[in-house]
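What follows is the residue order along each chain.
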Amino acid sequence: MLQILQSLRSIYHNYKLIPLFLCIGVIIDYSLTFYFAGSIENILAYEFSPTLVFAVRNDIVLLYLAATVIFYYLMGYTILKFLEKEEIYPIGVFIILLMSVTHVLGGLSWFVLKETYSNVIFILSMTSIIVAISVFGYEVLKRG
């Protein structure tokens, strides 16, 4: 048990590894989307993400997915690297992991097909944004 906790602690403190969870979440999200949507027409008609719809319309889904994964990794890495020695590092990890879970749940929404479920996913997305803005405001006030 102690070894498991030490392993989790080393993952938690590895700002190079944590963003990979977000990348994996995005890949799972889009894989589930294309698997459960059933057709390109369904994605074009019902997909929430305007950027994914744009990628589907222009037949650049793989390029879009690769760019998204690289962008998410670089942003997650950069943010956590800057926060590594700060007291708000845990919040940065929380936001990245919450976004990861939100992406996976978003992909599953094509299987669940319930408005309530989709609303919960939207609330999770907004939670990430609200937490990030709140912590930013806190840091501005604390340092200002």
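About the cut-offs
Residues numbered from 1 in each chain as written. Predicted model: local features only at pLDDT ≥ 70, side-chain atom pairs only at ≥ 80, totals over all residues. Heavy atoms only, no water. Core = buried A, V, L, I, M, F, W, Y, C linked by side-chain atoms within 4.5 Å. Buried < 20%, exposed > 50% of the residue type's maximum accessible area, 1.4 Å probe, protein only. Helix = DSSP H or I, 4+ residues; strand = E, 2+ residues; numbered from the N terminus. Contact = heavy atoms within 4.5 Å. Axes fitted to C-alpha atoms, helices over the stretch in contact; angles between N-to-C directions. Parallel < 35°, antiparallel > 145°, perpendicular 65-115°, else oblique. Left-handed = near helix turned anticlockwise from the far one by under 90°. Nonpolar A, V, L, I, M, F, W, Y, C, P; charged D, E, K, R; others polar.

Brief notes about the nonpolar core
V26, Y30, L80 and Y89 are the most contacted members of the largest nonpolar core, which has 22 residues in total. Going through the elements one at a time, α2 (18-37), α4 (50-57), α5 (61-83) and α6 (89-112) are the ones with two or more residues in this core. Among the elements that make up this core, the one with the highest residue count is α2 (six residues). If sequence neighbours within four positions are ignored, L80 has contacts with Y15, I18, P19, Y89, G92, V93 and I96.

Describing the packing of α2 against α5
The geometry of α2 relative to α5 is characterised by a closest axis approach of 8 Å and an angle of 155° between their N-to-C directions. Classified by the angle their axes make, α2 and α5 are roughly antiparallel. As for how α2 packs across α5, the hand of that crossing is right-handed. Facing α2, whose interface residues are I18, P19, L20, L22, C23, V26, I27, Y30 and F34, α5 presents V61, Y64, L65, T68, V69, Y72, Y73, G76, Y77 and L80. A class-by-class count of the residues in the contact of α2 with α5 yields 17 nonpolar, two polar and no charged.

Quick notes on the packing of α2 against α6
Axis separation between α2 and α6 bottoms out at 7 Å; the angle between their running directions is 10°. Between α2 and α6, the angle falls in the class roughly parallel. Between α2, through I18, P19, F21, L22, G25, V26, I28, D29, L32, T33, F36 and A37, and α6, the contact on the second element is made entirely by V93, I96, L97, M99, S100, H103, V104, G106, G107, L108, W110 and F111. Of the residues contributing to the contact of α2 with α6, the split by class is 17 nonpolar, six polar and one charged.

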